[in-house]
Amino acid sequence: TADNVTKLFGETDPELTYTVEGLVSFDGVKDSLAGVKLVREKGEDAGDYAITATVDAKSNPNYVVTVAEGGVLTIAPNDGKIVVTVEGHVDTVKYDGKEHLVKGYEIKSNSTAYPLKFVKFTGRDTVSGSDAGSYAMGISAKNFENTSVNYPNVEFEVTDGSLTILPKPLVITALSDSITYGDSIPAEFKWVADSLLKGDELDNIHVGLDKKGLLPAGEYALDFDKKS
């Protein structure tokens, strides 16, 4: 009968052994069998693999040998903690009116024995935006799954990816204007922006004169009100 043996995944196979019932003894010395061969079922993943025993009958003419069923090599999972770190890609750009995209992530394991091919990703690793602001990619540990039966103790540490679009600096200048003494003061004055992108508009910009009534002839500073 082949003996049951165990090893951890990644270790070399232990020596395969067997037990024999029915051997006779001579002067206190137990007889032995010759031509015994033990072969285990092929496979390296965690699981059970049958051990097959064969005996050369011609080498043992004094015995009628029966090989019993049984004998298993058990490869136990390597339950040492594996830490897989994931860092989503990040990018920072200035607002230019165009859509920007950030895609993908970097992934690594703290153990060279753990193949990253066993990491399954079930999320969406892209983020895009066109307006100024911060955009999160949205990946987290729940988007990653360990599919290896050989390493059941895998932990994922994930840093989300992001896109940051910085506002574009813009200088707004009030335009000079003139009225004739006695005319009403305009409620709004014109202004220009030095680098406003084509197709964009500015809202709630107001240029006024903080004066009322009949003004003497002269020059007066125009101001942007506090709502701009």
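Bear in mind the structure is a predicted one, so any value in this text is a computation, not a measurement. (Residues numbered from 1 in each chain as written. Predicted model: local features only at pLDDT ≥ 70, side-chain atom pairs only at ≥ 80, totals over all residues. Heavy atoms only, no water.)

Brief notes about the overall build of the chain
So, point 1. Tallying secondary structure elements over the chain gives 0 helices and 20 strands in all.
So, point 2. Here the C-alpha atoms of the chain give a radius of gyration of 41 Å, more than 25% beyond the 17 Å that 2.2 N^0.38 yields for 228 residues.
So, point 3. If one aligns the C-alpha atoms of the chain with their principal axes, the spans along those axes are about 140 × 25 × 20 Å.
So, point 4. Within the chain, counting contacts between residues at least 6 apart in sequence, those at least 24 apart form 57% of the total.
So, point 5. For the chain, the distance from the average position of its 22 positive side-chain charges to the average position of its 36 negative side-chain charges is 5 Å. (Helix = DSSP H or I, 4+ residues; strand = E, 2+ residues; numbered from the N terminus. Rg over C-alpha atoms; globule rule 2.2 N^0.38 Å. Contact = heavy atoms within 4.5 Å. Lys, Arg positive; Asp, Glu negative; His and termini not counted. Charge placed at Lys NZ, Arg CZ, Asp CG, Glu CD.)

What to know about the sheet that holds strand β15 (residues 154-159)
So, point 1. Pairing is mixed in the open sheet, where 3 strands are placed in the order β10-β7-β15. The sheet is open, and its two borders are formed by β10 (105-109) and β15, each paired with just one other strand. Taken over all neighbouring pairs, the strand axes of this sheet differ in orientation by 15 degrees on average, direction set aside.
So, point 2. Taken together, the 6 bridges between strand β7 (residues 82-88) and β15 define a ladder with parallel strand orientation. Bridge pairing in β15 links Thr85 to Glu157. (Pairing = 2+ DSSP bridges. Axes fitted to C-alpha atoms, helices over the stretch in contact; angles between N-to-C directions.)

Details of the environment of Gly71
So, point 1. Mapped onto the elements, Gly71 comes out in the loop between β5 (47-55) and β6 (72-76).
So, point 2. Distance from Gly71 to Ile51, taken between C-alpha atoms, is 5.1 Å for residues 20 residues apart in sequence.
So, point 3. Once you skip the residues sitting within four places of it in the chain, Gly71 turns out to touch Ala2, Asp3, Asn4, Tyr49, Ala50 and Ile51.

Quick look at the nonpolar core
Generally speaking, soluble globular proteins have nonpolar side chains that are buried together.
So, point 1. Core analysis: the biggest nonpolar cluster contains 26 residues, and Val84, Tyr114 and Val154 have the highest contact counts within it.
So, point 2. Of all the elements in the fold, those that place two or more residues in this core are β5, β6, β7, β15 and β16 (162-166).
So, point 3. In contact with Tyr114, not counting residues within four places along its chain, are Ile82, Val84, Ser109, Val119, Asn146, Ser148, Tyr151 and Val154. (Core = buried A, V, L, I, M, F, W, Y, C linked by side-chain atoms within 4.5 Å. Buried < 20%, exposed > 50% of the residue type's maximum accessible area, 1.4 Å probe, protein only.)

A short note on the sheet that holds strand β8 (residues 90-94)
So, point 1. Within the open sheet, the 3 strands sit side by side as β8-β16-β13. Their pairing is mixed. Each having just a single partner strand, β8 and β13 (133-136) make up the two edges of the open sheet. Within this sheet the neighbouring strands show an average axis-to-axis angle of 10 degrees, counted without direction.
So, point 2. Two strands pair when backbone bridges link them, and β13 and β16 are joined in this way by 4 bridges, in the antiparallel orientation. Within β16, the residue paired with Gly133 across the bridge is Ile165.

Quick notes on the packing of aromatic side chains
Two aromatic rings are characterised by how far apart their centres lie and by the angle between their planes.
So, point 1. With the rule as written, the count across this model stands at 6 aromatic pairs.
So, point 2. A centroid spacing of 5.2 Å and a plane angle of 55 degrees characterise the contact between Tyr105 and Phe121, whose relative ring orientation is tilted. Placement of the pair is Tyr105 in strand β10 and Phe121 in strand β11 (residues 119-121), with a sequence separation of 16 residues.
So, point 3. Its relative accessible area of 22% is what places Tyr105 among the partly exposed residues.
So, point 4. Look at Phe121 and you get partly exposed, because its relative accessible area is 24%.
So, point 5. Consider the rings of Phe121 and Phe144, whose centres lie 4.9 Å apart with planes at 40 degrees: the pair is tilted. A residue pair is termed long-range when its members are at least 10 positions apart, and Phe121 in strand β11 and Phe144 in strand β14 (residues 144-146) qualify at 23 residues.
So, point 6. Taking the relative accessible area as the measure of exposure, Phe144 reaches 5% and is therefore buried.
So, point 7. We note Arg40 situated over the ring of Tyr49; from NZ or CZ to the ring centre the distance is 5.4 Å. (Phe/Tyr/Trp six-rings, centres within 6.5 Å; stacked < 30°, edge-to-face > 60°. Lys NZ or Arg CZ within 6 Å of the ring centre and 35° of its normal.)

So, the pattern of salt bridges
So, point 1. In the structure shown here, the tally under the stated rule is 6 salt bridges.
So, point 2. A salt bridge links Glu44 to Lys7; its shortest N-O distance comes to 3.6 Å. Pair noted here: Glu44 is in the loop between β4 (36-40) and β5 and Lys7 is in strand β1 (residues 5-8), with a separation of 37 residues, a long-range link.
So, point 3. Arg40 is the partner of Asp13 in a salt bridge, and the nearest nitrogen-oxygen pair spans 2.8 Å. (Salt bridge = Lys/Arg side-chain N within 4 Å of Asp/Glu carboxyl O.)

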